[in-house]
Every structure is written in C-alpha cells, then in structure tokens.
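Below are the chains, spelled out letter by letter.
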Amino acid sequence: MAPAPAVLTRLLCAGVWRWPAFLQKATPGPARLNARMVTRAQVPVVSELQDGDDLQSRILDVPLQHSDFFNVKELFSVKSLFEARVHLGHKAGCRHRFMEPYIFGNRLGQDIIDLEQTAQHLQLALNFTAHVAYRKGIILFVSRNRQFSHLIESTARDCGEYAHTRYFKGGLLTNAQLLFGPTVRLPDLIIFLHTLNNVFEPHVAVRDAAKMNIPTVGIVDTNCNPCLITYPIPGNDDSPQAIHLFCKLFRTAINRAKEKRRQMEALHRLQSSRGSEGSGTSSAPDKSQCP
Amino acid sequence: MVFKVLWGFHPRLAVGPSLLKLIHTTVVTKKKNVQASRQESYTEDFIKKQIEDFNIGKRHLANMMGEDPETFTEEDVDRAIAYLFPSGLFEKQARPIMKHPEQIFPKQRAIQWGEDGRPFHFLFYTGKQSYYSLMHEVYGKILQLETHRGPLSEKTDSRDLIGSRWLIKEELEEMLVEKLSDQDYVQFIRLLEKLLTLPYGPAEEEFVKRFRKSVTVQSKKQVIEPVQYDEQGLAFSTSEGRRKSATAQAIVYQHGSGKIRVNGLDYLLYFPVTQDREQLMFPFHFLDRLEKHDVTCTVSGGGRSAQAGAIRLAMARALCSFITEDEVEWMRQAGLLTPDPRIRERKKPGQEGARRKFTWKKR
C-alpha cells in the first residue's frame, strides 16, 4: 500500500490523471488519494505497483513521461469528426446548462458542438484509456441505447474488455461484493457511449462510479450532464456514424496499448535474459534498444 | 482492592462495600439455526468425493445383487434400491433413491475470474452473463440474416417445429445456471420467434433446436395388444381394466354383431341400469363401430358403476388392436384409455368418515 500514493502523485504530475477544476477545490489531495485505497482494501491488489523490480517499473514509468505515448492524435482529426456528424447536438430547448461551454453555436434551432474542444477532450480521453489498457486495467463500456447495444458489446469483445448495455441492477458497483463474490475486482475505467438512460435521465453508473472512485470517460451530448464524468467528450451520441467512429477509436486505442504492452514485456524479457547471459559468460553486453 | 469496570467510564477503584454495585449484563445467546447448517454452496472437492462414493456404492450394490459391476446401469440401480429398501410411501420423491451426485446437488458456477481478477466473460458485469450473451448471439444472427435477405424471401416452413415446444423458463434456467425473470424469458422466446420468421439456414436451425424440446406423443406409449386367433380362425384381442376395486377382463372379436356378454349373461340382464350399458357402448359409439364387434367379458369386485367402468376400459384397450393409430390417439384424447385413479378415501380417526366430522356440540 505504501508506494501507491507516491505513484498516484507521479501520475497527477505527469498530467495523465486530470481532475476537473471544480472537484479539485472541493476535496483536498491526499484524502482523495487515500479514499480509493480504502475501498480496495479487501480486493487483491494487482501486481503492477511492485516497484522492487527495476524492469517492471521501467515498463510502467516510461509511458508516463510522454504526453501522447500511444500517439492517439493521429487516429482522428476535426475533419473526420465533422464527417461523422459528431458536431450535431440536440435542439436548443434540450440544452443542459453545463454543456454551454462546449457548444459552438446554434443553427436553425439545433446546437452545434465545438469540435476544437471535442478534439482536445477526445485526445485526453483516448490517451487515458490507452494508459489504463496498457496497465491491464478492466474497462467497462456502458450504454443504454438499444440501437447500438449489439455494436458496443461486439466492440468490447473485440478489445478483450467488458460491456454492460443492459438493465443496470441497483448495487452493481456499490454492492458488488455481495452480488458477485467477496474477491471481485471492479472496473478500473468506465466508458459511457450514452450517458443517459432510456428515460433521459443520467445513467446510475455515472454516480456510482464517482462513489466508488472509478474514473469515467463519457460522450456527453448537449442534453447530458458532464459534471461527474472525469473525461467528458462533448459530441453527438445519436447518429450511427458518430457511434461507429467512437467505437472504432476506442477499440484502436485499447488494442494499440495492449500491443505496446506485449512488445515492452517481450523486450524487457529479452533484455533480462540477455543480461543474465551476459553476467554468466562475462561477455560485452549488447546495446539496449530504446522503445 | 476490587476493580470494577462500568460501561463508558474510566475504571476506578471501589472504596467500600456501599459503592459495590451489581452490574447486570445481558448475555445475548445466539440460537443456532439448525436449517442453515446445510451448505448453500458445495466445494468442488466435496462433489468429487460424492461422485467417488457413489461409484464405489454402485459396485457394492452390483455385488450384492449378484450382477456384473461393469455393466450396472442406472435402471438396475433403481431396481436394486427398490428391492432392498421397499417403501410404502405414496410420494415417489420421498422414497430412498441413489442417483449420481450431479442429479442431486444443484449445479453451481465456478469462480468467474482468473488470478489477476479479470473476469472470463465479456458480459460478466451485467450479472446474467449467459443469458445476455445468448441474447447477443441471437440478435447477431438476426442482423446477419436481415442483411443477407434477398428480395424474394421464401419462408421455410416450420416442418421440424411441429412436434416440439419451446423450453420452459425452469428448463432454460437450468441450462444457463442462472436465475431469470419472466420478462427475460418472454423476451428471449420473442427473439427466437423473430429469428424463425426470417429465411434461416441449417446452422440457425441447429441453434434453435437447442431450445426446443420434442413433445412425446402420448399415444406412442400406448401398449397395443396383439391380435390373437382362436380355433375357428376368428380374430380377437383381450385386455384388462380396473376401476375402484373392480377388475374386468374383456375379449373383443373383430367381426360380430354387437353382442356383449358379461359373466355369462347378456349385458341387458347384467346391468339393468341404462347408464351402465351406455358406459359399455361408449367406446364403440365413439368410433362408429356399434354393431361390428362381439364382446365377452368377466368382471368381479366393486359395485355396478365400478364394474361398468372397468369393463369399458378393458374393451377400449382391446379395441386398440383393430383400429388405426389416429383413432387410438382420438380415443386417448377422449379419455377412454386412461384408467380412472379415483379410489375410496380412507376413514380418518377422530372423524366419522373420510370427510364427515362428528356432530359439533357447542356445549
């Protein structure tokens, strides 16, 4: 448990974990950091934070030095977002007050979302998703829109992650130990492709994830509340093209991150075996390859 | 020096006997719930041990019965147990049984996640992973068929679905090892029906067959008596019937003129009441063969109505050998081939009869 807060501070400094401004003022830093540890007390801690092994720490620390280690910026552009109709919002009457900063303007009664801001938010969100996938976190795709339920479940299955596009049972996240078993592991990231449920109310998982200190990434439309979502992505969640694009982006980011992790592990395994051979035969060690 | 500890107070020394207080503490005793001693979940080792014990026990049983332990089947086990532990209990499920542990202990799920904590199934966090993955699969098939559907869609007729029914909710729950709600089940059946309206191929048919159960046609279980021939070459068939405490044996001849003889007498003389004679005529009347068969029967026990019912059943069973299978099915559906299970209810102590109580006196 001791190294965990240190790692988290490092993450914060690296700019990977970005807390929304109004939340930062509400709660002090250390208390927030420790809260997550308390809830996870009974669950077996995943072995990522074993800093004893130097190679292991290198695998985990090197990606955090870069701002866009997985190069997610190249996966999309403002033009591609525009062609996928991500900028289309709902009518002005449906507008949520907290979405006003993200709205570019209004045309013939329909709100238009600012794609420049969307691009920035999307880059941050994809970067964070990739980092979570790199560190072997559990990612849960949540949506309650029946039109895209099959697509989202297929996307999750293709990434090797998890999906929940069905009726959300009450204590799923907050009472998971009772529902599933005492040693269940909760998701490390929840991605909302639709933040609202079928009665146009915020999905219960948004609030529950905030309660369980699980970071969330969510596509927020002009009628959604972006407050409790860690990495909101203002964008259209009703057009099929937009949802297909987002699914493709998430899938690519996750697959890339996992592939990278496999490569890094293979590389370091190779290096460690070479290093042991080198120390045994006392031959000149080979130049280590830079990632 | 006497130390005493009071709740919520710092422990202080007692000064003298006047300050000694008797502290009454309530002792909370937990009553052990005896019913809860049965385990909710069984470990794998426990089940394995039970299976080993069962196999050893089966071999012992085979030795006891003097049969070969290698070829001792389930039916042999049941027969052996019924022989060794005869039980007069009415409830069949209350009698001693010896079955494979998989049939006795309810099926459970193993732990759903690996060592690193990651669940195996991609829909684990929904709670009902098997059910929702099934829905996902069926919906995927429907989408596939809808995209491949040509302009002239010939609907394949439901030829294989006639003799089968959908699995009921309990059977589906058993198959998926999950609890379902009624709405879940209805939705699932609706999805499958939708799949069947589209032009499906052999793969989809195979998939759907998993959720259909064949309805065993009852008449196939009906034992049809063989036709026998007497000295003059006349074809006849004989059968038995019972009703209440009357047993009857009937011999029905294939060709005749509609005469019925009971215990050597004509049925008009043996059964003076019209109702009983109507009962005897009913099987023939039902199949429009009133004056086509001759019947000779013997009956004993019971009263007049019971004897009539017993003879009717015996005649209907004997008649099955001369008629078509469809007619047998019609007779079965009419209730002619079903033995009436009603028997006289026993008198209970403290009552005057089976149901009649003694006269209640207020004082």
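Predicted model only: the values in this text are computed from it and were never measured.

Visitor: Talk me through the overall build of chain A; I want residue IDs and the actual numbers.
Guide: Within chain A, the regular secondary structure consists of 10 helices and 8 strands. Going through the 291 residues of chain A one by one, you find that 48% of them count as buried. Of all intrachain contacts in chain A linking residues separated by at least 6 positions in sequence, the fraction that spans at least 24 positions is 69%.

Visitor: Run through the packing of helix H4 (residues 129-148) of chain B against helix H6 (residues 182-197) of chain B, naming residues and quoting values.
Guide: Residue and element names in this part refer to chain B. Two elements in contact, H4 and H6, have axes separated by 10 Å at closest approach and are oriented at 20 degrees. The angle between H4 and H6 falls in the class roughly parallel. The two elements H4 and H6 meet at a crossing, and its hand is left-handed. Judged by residue contacts, Tyr 131, Leu 134, Met 135, Val 138, Tyr 139, Lys 141, Ile 142, Leu 145 and Glu 146 of H4 engage Asp 184, Tyr 185, Gln 187, Phe 188, Leu 191, Leu 192, Lys 194 and Leu 195 from H6.

Visitor: Go over the nonpolar core, please, and point to the residues and values.
Guide: Phe141(A), Val217(A), Phe246(A), Phe188(B), Leu192(B) and Phe211(B) are the most contacted members of the largest nonpolar core, which totals 69 residues. Among the elements that line this core, the one with the most residues is helix H10 (residues 240-281) of chain A, at 11 residues. Those residues in contact with Val217(A) that sit more than four places away from it in its chain are Ala125(A), Phe128(A), Thr129(A), Leu189(A), Ile190(A), Ile191(A), Phe192(A), Ile229(A), Tyr231(A), Ile233(A) and Phe250(A). Core analysis: the next-biggest nonpolar cluster, separate from the first, contains 30 residues, Ala248(B), Val262(B), Val299(B) and Ala316(B) among them.

Visitor: Kindly report on the packing of aromatic side chains, identifying the contributing residues and their values.
Guide: Any two aromatic rings considered together are summarised by their centre-to-centre distance and by the angle between their planes. Across all of its chains, the model carries 17 aromatic pairs over all chains by this definition. The interplanar angle of 70 degrees and the centroid separation of 5.4 Å between the aromatic rings of Phe207(B) and Phe211(B) together place this pair among those described as edge-to-face. Ring plane angle 75 degrees and centroid distance 6.1 Å describe the contact between Phe282(B) and Phe286(B), whose orientation is recorded as edge-to-face. Of the two residues, Phe282(B) and Phe286(B) both sit in helix H9 (residues 274-286), 4 residues apart, roughly one turn of that helix. Through a chain of ring-to-ring contacts, the aromatic side chains of Tyr162(A), Phe180(A), Trp113(B), Phe124(B) and Tyr125(B) assemble into a single cluster. Above the plane of the ring of Phe122(B) lies Arg157(A), whose end atom (NZ or CZ) is 5.3 Å from the centre. Positioned over the ring face of Tyr134(A) is Arg261(A), at 5.5 Å from the centre of the ring.

Visitor: How would you sum up the packing of H9(B) against helix H10 (residues 304-319) of chain B? Please name residues and give values.
Guide: All names here are of chain B. Taken N-terminus to C-terminus, the directions of H9 and H10 make an angle of 10 degrees; their axes are 9 Å apart at the nearest point. Relative to H10, H9 is oriented roughly parallel. Residues Gln 275, Asp 276, Gln 279, Leu 280, Phe 282, Pro 283 and Phe 284 of H9 form the contact with H10, whose participating residues are Arg 304, Ser 305, Ala 308, Ile 311, Arg 312, Met 315, Ala 316 and Leu 319.

Visitor: I'd like a description of the sheet that holds strand S8 (residues 231-234) of chain A, backed by residues and values.
Guide: All names here are of chain A. Spatial ordering of the open sheet is given by S5-S4-S6-S7-S8, a layout of 5 strands whose pairing is parallel. Looking at which strands have only one partner, the edges of the open sheet turn out to be strand S5 (162-164) and S8. Averaged over all pairs of adjacent strands, the angle between their axes in this sheet comes to 20 degrees, without regard to strand direction. Here strand S4 (residues 139-142) runs beside S5; their pairing, made up of 3 bridges, is parallel. Paired with Phe 141 across the two strands is Ala 163, which belongs to S5.

Visitor: Go over the side chain of Ser164(B) with me, naming the residues and quoting the values.
Guide: All names here are of chain B. Along the chain, Ser 164 falls in strand S3 (residues 164-166). Exposure remark for Ser 164: the relative accessible area of 14% places this residue in the buried category. What Ser 164 contacts, discounting residues up to four positions off in sequence, is Arg 212, Lys 213, Ser 214 and Val 215.

Visitor: So what's going on with the environment of Ala246(B)? Which residues, and what values?
Guide: Residues and elements named next belong to chain B. The residue Ala 246 is located in strand S7 (residues 246-253) in this model. For the pair Ala 246 and Val 299, spaced 53 residues apart in sequence, the C-alpha to C-alpha distance is 7.0 Å. The contacts of Ala 246, once residues within four sequence positions are left out, are Gly 241, Ser 300, Gly 301, Gly 302, Ala 306, Gln 307 and Ala 310.

Visitor: Which residues make up the side chain of Arg312(B), and what are the values?
Guide: All names here are of chain B. Inspection of the secondary structure assignment puts Arg 312 in helix H10. Buried charge Arg 312 goes without a salt bridge, the closest partner of opposite sign being Asp 340 at 7.1 Å. In this structure the side chain of Arg 312 is engaged in a polar contact, spanning 3.1 Å, whose partner is the side chain of Gln 279. Every residue in contact with Arg 312, bar those within four places of it in the chain, is listed here: Gln 279, Leu 280, Phe 282, Pro 283, Gly 335 and Leu 336.

Rules used throughout
- Residues numbered from 1 in each chain as written.
- Chains lettered and ligands numbered in written order.
- Predicted model: local features only at pLDDT ≥ 70, side-chain atom pairs only at ≥ 80, totals over all residues.
- Heavy atoms only, no water.
- Helix = DSSP H or I, 4+ residues; strand = E, 2+ residues; numbered from the N terminus.
- Buried < 20%, exposed > 50% of the residue type's maximum accessible area, 1.4 Å probe, protein only.
- Contact = heavy atoms within 4.5 Å.
- Axes fitted to C-alpha atoms, helices over the stretch in contact; angles between N-to-C directions.
- Parallel < 35°, antiparallel > 145°, perpendicular 65-115°, else oblique.
- Left-handed = near helix turned anticlockwise from the far one by under 90°.
- Core = buried A, V, L, I, M, F, W, Y, C linked by side-chain atoms within 4.5 Å.
- Phe/Tyr/Trp six-rings, centres within 6.5 Å; stacked < 30°, edge-to-face > 60°.
- Lys NZ or Arg CZ within 6 Å of the ring centre and 35° of its normal.
- Pairing = 2+ DSSP bridges.
- Lys, Arg positive; Asp, Glu negative; His and termini not counted.
- Salt bridge = Lys/Arg side-chain N within 4 Å of Asp/Glu carboxyl O.
- Polar contact = N/O pair within 3.5 Å; in protein donor to acceptor, adjacent residues only side chain to side chain.

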